[in-house]
Amino acid sequence: MTMLLRVLLAVSMACGILMPLGGAVAADARRLDIVFVNPGKTGEVYWDMVAQTMQAAGRKLDAHVEVLTSERNYRTMQELGLGVLARPDKPDFLILSNEESAAVPVLEAAEAAGVKTLLLSNTLIGEDAVRLGPPRQKLKTWLGDITTDLQTAGARMANALISVARAEKWQSPDGKIHILGIGGDEITPASIARNAGLKLAVDAAPDVVVDRMLFANWTQSEAEQVTTNYLSWASRKEIRPAGIWAGNDPMALGALRAVTAAGLMPGRNIEVVGLNWSEDALREIRAGRLLLTDGGHFLLGGWSIVLLRDYADGCDFAAVSPRVEVKTSAITRDNLASVGDLIKTRGFDRIDFSRFRAKAGRCGQYDFSVNALISSLARPDGLGD
């Protein structure tokens, strides 16, 4: 090594500007303590997978991830978050989701406690967003948010239904393509974005009408009931239903049950779409009954740990923006084989999360695409790619 190179290396190390090669965690990097307040229920597939990808990423990136589950009770979610902030040994980072706009009191308490926070999946909206502004302004410890472009996902789902209905000529006697929309709720940002995507696609299609936009609280049972009611109404009105757009997979599965009970054949004379990349949905796609499931956004769990590891090591994602938006992808029968086994086995330790870290000099620049995911996977037998 030349004297000049030694000098440059010494200066770089003294200034703390060297990133570990290949995205690996540096040998002297501090182990991170991270707490995630999970807004979902125990056994709720999507939120379980979010937590599992977080913990898998933590194992690769030297971070301990503690998961506290609020069981879909938003008072419990707030109590859990405030309890973490009251601990004598506080974590390095607290990850929250602004489900039903319930995270704000915890964010504000984290500011007072000096604990850095990251919002996942749902960020601030409405009056909260106006009052508190963007990350790192009024709330200095609110580092940012990592969300998915669910409006585009919602539009992609609707356009898939429309394309099949047009190709198969599934118009009603009035010449229109009739669709049922089933949303999760009317107040969660992630739901609002999906529903807006449906509206965007339908507004651009003068031959398409959404007969009803109904809400089923993200559940299979309620979606089955509202679909049964809709199909009965459509029959009385002599409307031919062409497709059902469901804001998540459990609701799509409920719709499938109602469709089958009504004597229709999903995949043959009506199409249903969902969102979540759940194992049950993949099974229905394989059987030809479900057209697609959009998603991959459970991987926000893993990606959030990548962001926080980089931040802790001096490569701040806010160099590009404190708001990181990840694109989702649709799984259809065409690409099911490439990611189906990963989801079925929940083998998230196969993902080499270190490969997703920002490169030196490119802080805040990430490729979280489905293609990057597929290329990062170790084979299940442990033999590599």
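Residues numbered from 1 in each chain as written. Predicted model: local features only at pLDDT ≥ 70, side-chain atom pairs only at ≥ 80, totals over all residues. Heavy atoms only, no water.

(A) Main features of the overall build of the protein. Secondary structure summary: the protein contains 13 helices and twelve strands in total. Taken over the C-alpha trace, the protein has a radius of gyration of 23 Å; the compact-globule value for 385 residues is 21 Å, and the two agree within 12%. Along the first, second and third principal axes, the C-alpha set of the protein runs to 80 × 45 × 35 Å. By residue count, 51% of the 385 residues in the protein fall in the buried class. Partitioning the intrachain contacts of the protein with sequence separation of at least 6 by distance along the chain shows that 74% fall at a separation of at least 24. A total accessible area of about 16900 Å² is found for the protein, and carbon and sulfur atoms account for 53% of it. (Helix = DSSP H or I, 4+ residues; strand = E, 2+ residues; numbered from the N terminus. Rg over C-alpha atoms; globule rule 2.2 N^0.38 Å. Buried < 20%, exposed > 50% of the residue type's maximum accessible area, 1.4 Å probe, protein only. Contact = heavy atoms within 4.5 Å. Areas by Shrake-Rupley, 256 points an atom, 1.4 Å probe, with all protein chains shown as cover.)

(B) Main features of the layout of surface pockets. Counted as a void, the largest pocket has a volume near 580 Å³. Lining the largest pocket are 29 residues, with Glu 44, Val 45, Trp 218, Asn 248 and Pro 250 sitting closest to its centre. Mapped onto the lining of the largest pocket, the elements with two or more residues apiece are helix 2 (45-60), helix 7 (189-203), helix 9 (249-261) and helix 10 (279-286). Of all the elements, helix 2 adds the most residues to the lining of the largest pocket, at four residues. (1 Å grid on protein atoms, 1.4 Å probe; cavity = no way out; pocket = protein on both sides within 12 Å on 5 of 7 lines; lining within 4 Å. Points joined across faces, edges and corners; volume = space filled by probe spheres on them.)

(C) Local environment of the packing of aromatic side chains. Taken as a whole and judged by the stated rule, the model has eleven aromatic pairs. Geometrically, the ring pair formed by Trp 303 and Phe 353 is edge-to-face, given 5.8 Å between the ring centres and 65° between the ring planes. Of this pair, Trp 303 sits in helix 11 (residues 300-312) while Phe 353 is found in the loop between helix 12 (336-345) and helix 13 (370-376), placing the two residues 50 residues apart along the sequence. Like Phe 353, Trp 303 is buried. One aromatic cluster in this structure is built from Trp 303, Phe 353, Phe 356, Tyr 366 and Phe 368. Geometry around Phe 317 places Arg 136 over its ring, the cationic atom sitting 5.3 Å from the centre. Positioned above the aromatic ring of Trp 233 is the side chain of Arg 212, whose terminal nitrogen or guanidinium carbon lies 4.1 Å from the ring centre. (Phe/Tyr/Trp six-rings, centres within 6.5 Å; stacked < 30°, edge-to-face > 60°. Lys NZ or Arg CZ within 6 Å of the ring centre and 35° of its normal.)

(D) Helix 6 (residues 150-168), seen in detail. Helix length check: helix 6, at 19 residues, gives a terminal C-alpha distance of 27 Å against a target of 27 Å (1.5 Å per residue), a fit within 8%. Lys 169 sits one or two positions beyond helix 6 and adopts a positive phi of about 60°. (Expected span 1.5 Å × (residues − 1).)

(E) Looking closely at the sheet that holds strand 8 (residues 241-246). Here six strands make up an open sheet; going across it, the order is 7-6-8-9-10-12 and the pairing mixed. Edge positions in the sheet fall to strand 7 (208-215) and strand 12 (329-331), since each of these pairs with one other strand and no more. On average, each strand axis in the sheet is tilted by 20° relative to the strand beside it, whichever way the strands run. Of the pairings in the sheet, the one linking strand 6 (residues 177-183) to strand 8 comprises five bridges and is parallel in character. Counterpart to His 178 in the pairing with strand 8 is Pro 241. (Pairing = 2+ DSSP bridges. Axes fitted to C-alpha atoms, helices over the stretch in contact; angles between N-to-C directions.)

(F) Region of the structure containing the sheet that holds strand 2 (residues 63-69). Reading across the sheet, the six strands line up as 2-1-3-4-5-11 and stay open at both edges, with parallel pairing between neighbours. Among the strands making up the open sheet, the edge pair consists of strand 2 and strand 11 (323-326). Recorded for the sheet is a direction-independent mean angle of 20° between the axes of neighbouring strands. Along the sheet, helix 11 makes contact with strand 1 (32-38), strand 2, strand 3 (93-96), strand 4 (116-120), strand 5 (142-148) and strand 11, crossing strand 5 at roughly 150°.

(G) Just the packing of helix 3 (residues 74-85) against helix 4 (residues 104-113), in detail. Direction vectors running N to C along helix 3 and helix 4 enclose 5°, while the axes themselves pass 9 Å from each other. One element, helix 3, and the other, helix 4, form an angle in the roughly parallel class. Of the residues in helix 4, those touching helix 3 at Gln 78, Gly 81, Leu 82 and Leu 85 are Pro 105, Val 106, Ala 109, Ala 110 and Ala 113. (Parallel < 35°, antiparallel > 145°, perpendicular 65-115°, else oblique.)

(H) Seen up close, the pairing of strand 9 (residues 271-275). The buried count for strand 9 comes to five of five residues, which makes it a mostly enclosed element. Relative to strand 9, strand 8 is paired through three bridges, and the arrangement is parallel. Following the sheet pairing, Trp 245 is matched in strand 9 by Val 273. Crossover handedness for the path strand 8 to helix 9 to strand 9: right-handed. Bridge analysis of strand 9 against strand 10 (residues 292-295) gives three bridges, and the strand direction is parallel. For Val 273, the partnering residue across the bridge sits in strand 10 and is Leu 292. The β-α-β motif built from strand 9, the intervening helix 10 and the parallel element strand 10 has right-handed crossover chirality. (Right-handed = clockwise from strand over helix to strand, strands pointing away.)

(I) Representation of the side chain of Asp 145 within the structure. Within the secondary structure, Asp 145 is located in strand 5. Assessed through its relative accessible area of 2%, Asp 145 is described here as buried. In terms of polar contacts, Asp 145 uses its side chain to reach the side chain of Thr 123, at 2.7 Å. Non-local contacts of Asp 145, meaning those with residues more than four positions away in its chain, are made with Leu 118, Leu 119, Thr 123, Pro 135, Pro 322, Arg 323 and Val 324. (Polar contact = N/O pair within 3.5 Å; in protein donor to acceptor, adjacent residues only side chain to side chain.)

(J) Representation of the pattern of salt bridges in the model. In the structure shown here, the tally under the stated rule is 21 salt bridges. Between Asp 149 and Lys 327 there is a salt bridge, and its shortest N-O distance comes to 3.0 Å. Taken as a pair, Asp 149 in the loop between strand 5 and helix 6 and Lys 327 in the loop between strand 11 and strand 12 lie far apart in primary sequence, 178 residues in all. Between Arg 309 and Asp 313 there is a salt bridge, with its nearest N and O atoms 2.9 Å apart. Summarising the burial analysis for this pair, Arg 309 and Asp 313 share the class buried. Within the structure, one salt-bridge network assembled from shared partners comprises Arg 309, Asp 310, Asp 313 and Arg 357. (Salt bridge = Lys/Arg side-chain N within 4 Å of Asp/Glu carboxyl O.)

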